[in-house]
Amino acid sequence: MKQDIYTTMTRRINQIILCGMIACAGCSEKEQEPSNLTLWYNRPAAAWEEALPVGNGHLGAMVFGKTDDEVLQLNDNTLYSGEPASARNDVDITPDFDNVVTMLREGRYAEATGFVGKHWLGRLHQNYQPLGEWHLANHTPGEITDYRRELDIANATLRISWKQNGVEYTREIFASHPDSVIVMRLRCDKKEGLDVTASLSSVHPTARQQVSPDGLISMSGQAPGYAERRSLKQIEGWGFQSKHPELY
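Every value quoted in this text rests on a predicted model; they were computed, and no experiment measured them.

A. Representation of the overall build of the protein in the model. Along its length, the protein carries four helices and 13 strands. For the protein, contacts bridging at least 24 residues in sequence account for 63% of all contacts bridging at least 6. Only carbon and sulfur atoms are counted for the fraction: they give 53% of the accessible area of the protein, which is about 14,000 Å².

B. Local environment of the pairing of strand β13 (residues 217-220). On β13, burial covers both faces: Ile 217 and Met 219 on one face and Ser 218 and Ser 220 on the other are all buried. As defined by bridge partners, strand β12 (residues 208-211) adjoins β13 across four bridges and the pair is classed as antiparallel. The partner of Val 211 across the bridge, within β13, is Ile 217. Between the antiparallel neighbours β12 and β13 lie five residues, among them Gly 215 with a positive phi of about 90°.

C. Summary view of the pairing of strand β7 (residues 144-152). One ladder, built from four bridges, connects strand β2 (residues 38-41) with β7; its direction is antiparallel. What sits directly across from Leu 39, in β7, is Leu 151. Inspection of the sheet shows β7 paired to strand β8 (residues 157-164) by seven bridges, in the antiparallel sense. In the sheet register, Arg 149 faces β8, and the bridge partner there is Ile 160.

D. Expanded view of the side chain of His 58. For His 58, the position within the fold is in the loop between β3 (52-55) and β4 (59-63). Here His 58 falls in the buried class, since its relative accessible area comes to 18%. Of note is the side chain of His 58, whose polar atom sits 3.4 Å from the side chain of Ser 180.

E. Summary view of a nonpolar patch on the surface. A cluster of nonpolar side chains, contributed by Leu 37, Leu 39, Tyr 41 and Ile 153, occupies part of the molecular surface with about 360 Å² of accessible area. Note that Leu 39 resides in strand β2. Residue class for Leu 39 comes out partly exposed when judged on its relative accessible area of 36%.

F. Highlighting the pattern of salt bridges. Following the criterion strictly, the structure yields six salt bridges and no others. Between Arg 108 and Glu 111 there is a salt bridge whose closest N-O contact spans 2.9 Å. Linking Lys 163 and Asp 146 is a salt bridge whose minimum nitrogen-to-oxygen distance equals 3.8 Å. Remark: Asp 146 occurs in strand β7 and Lys 163 occurs in strand β8; sequence separation between them is 17 residues. Through salt bridges that share partners, Glu 106, Arg 108 and Glu 111 make up one connected network.

G. Highlighting the confidence of the model for the protein. Averaged over all residues, the pLDDT of the protein is 84; the fraction at 70 or higher stands at 82%. When the criterion is pLDDT under 50, residues 1-11 qualifies, and its contacts beyond four places in sequence or with other chains add up to 33 contacts. In this model, residues 22-30 is a region of pLDDT below 50 whose contacts with residues beyond four sequence positions or in other chains number 21 contacts.

H. Molecular detail of the nonpolar core. The biggest cluster of nonpolar side chains holds 30 residues, and the ones touching the most others in it are Leu 72, Trp 134, Leu 158, Ile 173 and Ile 182. Apart from residues lying up to four places away in sequence, Leu 72 is in contact with Ala 61, Met 62, Val 63, Gly 132, Glu 133, Trp 134, Ile 173, Ile 182 and Met 184.

I. Spatial organisation of the sheet that holds strand β5 (residues 69-76). If you walk across this open sheet you meet the five strands as β3-β4-β5-β6-β11, and the pairing is antiparallel. In this open sheet, the two edge strands, each paired with only one partner strand, are β3 and β11 (196-201). Ignoring which end each strand starts from, the neighbouring axes of this sheet average 20° apart. Of the strand pairs in this sheet, β5 and strand β6 (residues 132-138) are connected by six bridges, and their pairing is antiparallel. Note that in β6 the partner of Glu 70 across the bridge is Leu 136.

Rules and cut-offs
- Residues numbered from 1 in each chain as written.
- Predicted model: local features only at pLDDT ≥ 70, side-chain atom pairs only at ≥ 80, totals over all residues.
- Heavy atoms only, no water.
- Helix = DSSP H or I, 4+ residues; strand = E, 2+ residues; numbered from the N terminus.
- Contact = heavy atoms within 4.5 Å.
- Areas by Shrake-Rupley, 256 points an atom, 1.4 Å probe, with all protein chains shown as cover.
- Buried < 20%, exposed > 50% of the residue type's maximum accessible area, 1.4 Å probe, protein only.
- Pairing = 2+ DSSP bridges.
- Polar contact = N/O pair within 3.5 Å; in protein donor to acceptor, adjacent residues only side chain to side chain.
- Patch = residues over 30% accessible without salt bridge, like charges linked within 9 Å, V, L, I, M, F, W, Y side chains within 5 Å.
- Salt bridge = Lys/Arg side-chain N within 4 Å of Asp/Glu carboxyl O.
- pLDDT = per-residue confidence, 0-100.
- Core = buried A, V, L, I, M, F, W, Y, C linked by side-chain atoms within 4.5 Å.
- Axes fitted to C-alpha atoms, helices over the stretch in contact; angles between N-to-C directions.

Here it is, written out as structure tokens:
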């Protein structure tokens, strides 16, 4: 059985794109001063661990801060493969707890890991899945200067700014809990200076992007019906076939 995530994916992505992206040029309002609780960097993230997070408790994104092809890796806390974890809750670690602690104290880490994996982890239920990626391609050529990427923790606001061809560009991103959206605001100090294209992608092979005649971008697909965390060698070596009827 495959879990249909059309509702989750389409609702979340529509909220992000339709409500979340506002572009304007020549804005003159005063910039908000960053608080003392601000993380800032002078270059985009080169890896996931360097990206900056925004989220509202269930909808989240890791923002890389790229100037050419911005990437927001999206997730939603309801998106899992397979069925809810409702069975195989009979694991009792009490009889062997002291034995495992002894292994760890004696440095027998591989032995302790194997014992815990075989006796304490039970079935291991379905996997948390990524939702997708929101791409924002910048079509303006030119050298990038004065780059800054920052996360204001006190105000839960992410800001990326740089200069290109003498024009100052700014992206402001935050996640709203009451409105259930991730918002991105694009600005520059030159009239009609923004030239960007938004798109969506996902690691799920069933995910498909649709663009309506009026430019609304949405994406729908299915999560995997089953995603196993253990190898067949582990399952069969431990005699766990009965815990995985999807495979045996």
